[in-house]
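Examining the three-dimensional arrangement
Now for the letters of each chain:
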Amino acid sequence: MIPVEYLWFTLFLVFGIIGMVRGLLKELGVTTVLLLSLFVLKFTWDLLGEQGTAALAGRAPADTVLVFYYSITILFVAYISYQGFTLSFPIREMRGVAKAFLGFPGGLLNGYLIIGTVWDVLNQADYLGMDVPFGTSGAVEISQNLTQFHNSLAQFLPITFIDQYLMLVLGMILLVAILLR
């Protein structure tokens, strides 16, 4: 069994490749929406999270509610940001190698914000007690087999690491730059 962080790194890489194809202009538009959405999600959870989990008492554990709250919402926002009307950053359109070279880090940033959020909440919820098959010995629980590398990386995931007001400030700066073009 490979460490679970390899799955997350692969998904980050997929977003980097998507960024290469789309270019930095469109990726920064998605980054803007994601940062502002993460601010709202985190702010709302801090305000109403305990009341929401108390209202669902007995139906779902608090960790499960946390995972579904963040994961479903951020994946929905990401889908709409990528497939719907796309905000474009107001700089000259790039083509060829420059588009790919600058789009890759933009895609990685969006992968960090999307996949990192899902990774963060799943890690906080101890991967919801999920089991994975492990050879002939049966199944093992993911949270019982986390590496030290995984645990050190988990400190730097979006929900845990980035202050919600920093998300707001960065998102507003990008939004103002897009609107003032």
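Here's what I pulled together on the structure shown here. (Residues numbered from 1 in each chain as written. Predicted model: local features only at pLDDT ≥ 70, side-chain atom pairs only at ≥ 80, totals over all residues. Heavy atoms only, no water.)

Our next topic: the overall build of the protein chain. In terms of regular secondary structure, the protein chain is built from seven helices and two strands. The N-to-C order of helical and strand elements in the protein chain reads α-α-α-α-β-β-α-α-α. A burial count over the protein chain gives 40% of its 181 residues as buried. About 10200 Å² of surface is accessible on the protein chain, with carbon and sulfur atoms providing 69% of the total. The centroid of the 8 positive side-chain charges in the protein chain is displaced by 22 Å from the centroid of its 11 negative side-chain charges. (Helix = DSSP H or I, 4+ residues; strand = E, 2+ residues; numbered from the N terminus. Buried < 20%, exposed > 50% of the residue type's maximum accessible area, 1.4 Å probe, protein only. Areas by Shrake-Rupley, 256 points an atom, 1.4 Å probe, with all protein chains shown as cover. Lys, Arg positive; Asp, Glu negative; His and termini not counted. Charge placed at Lys NZ, Arg CZ, Asp CG, Glu CD.)

A separate point is the environment of glycine 49. If you trace the backbone, glycine 49 turns up in helix α2 (residues 24-55). The buried category is assigned to glycine 49, whose relative accessible area is 3%. As a C-alpha pair, glycine 49 and valine 65 span 16 residues in sequence and 8.8 Å in three-dimensional space.

Geometrically, a pair of aromatic rings is defined through the distance of the ring centres and the angle of the planes. Evaluation of the coordinates by the stated rule reveals twelve aromatic pairs. Aromatic pair phenylalanine 15 and tyrosine 82: ring centres 6.1 Å apart, planes at 55 degrees, arrangement tilted. Placement of the pair is phenylalanine 15 in helix α1 (residues 4-22) and tyrosine 82 in helix α3 (residues 62-83), with a sequence separation of 67 residues. No difference in accessibility class separates phenylalanine 15 from tyrosine 82, as the two residues are buried. Both rings, one in phenylalanine 39 and one in phenylalanine 43, keep their centres 5.6 Å apart while their planes meet at 25 degrees; by these two values the pair is stacked. Of this pair, phenylalanine 39 and phenylalanine 43 both sit in helix α2, four residues apart, roughly one helical turn. By relative accessible area, which is 13% here, phenylalanine 39 ends up buried. On the basis of relative accessibility, which here comes to 31%, the residue phenylalanine 43 falls in the partly exposed class. Through successive ring pairs, a cluster of aromatic residues spans Trp8, Phe9, Phe12, Trp119 and Phe149. (Phe/Tyr/Trp six-rings, centres within 6.5 Å; stacked < 30°, edge-to-face > 60°.)

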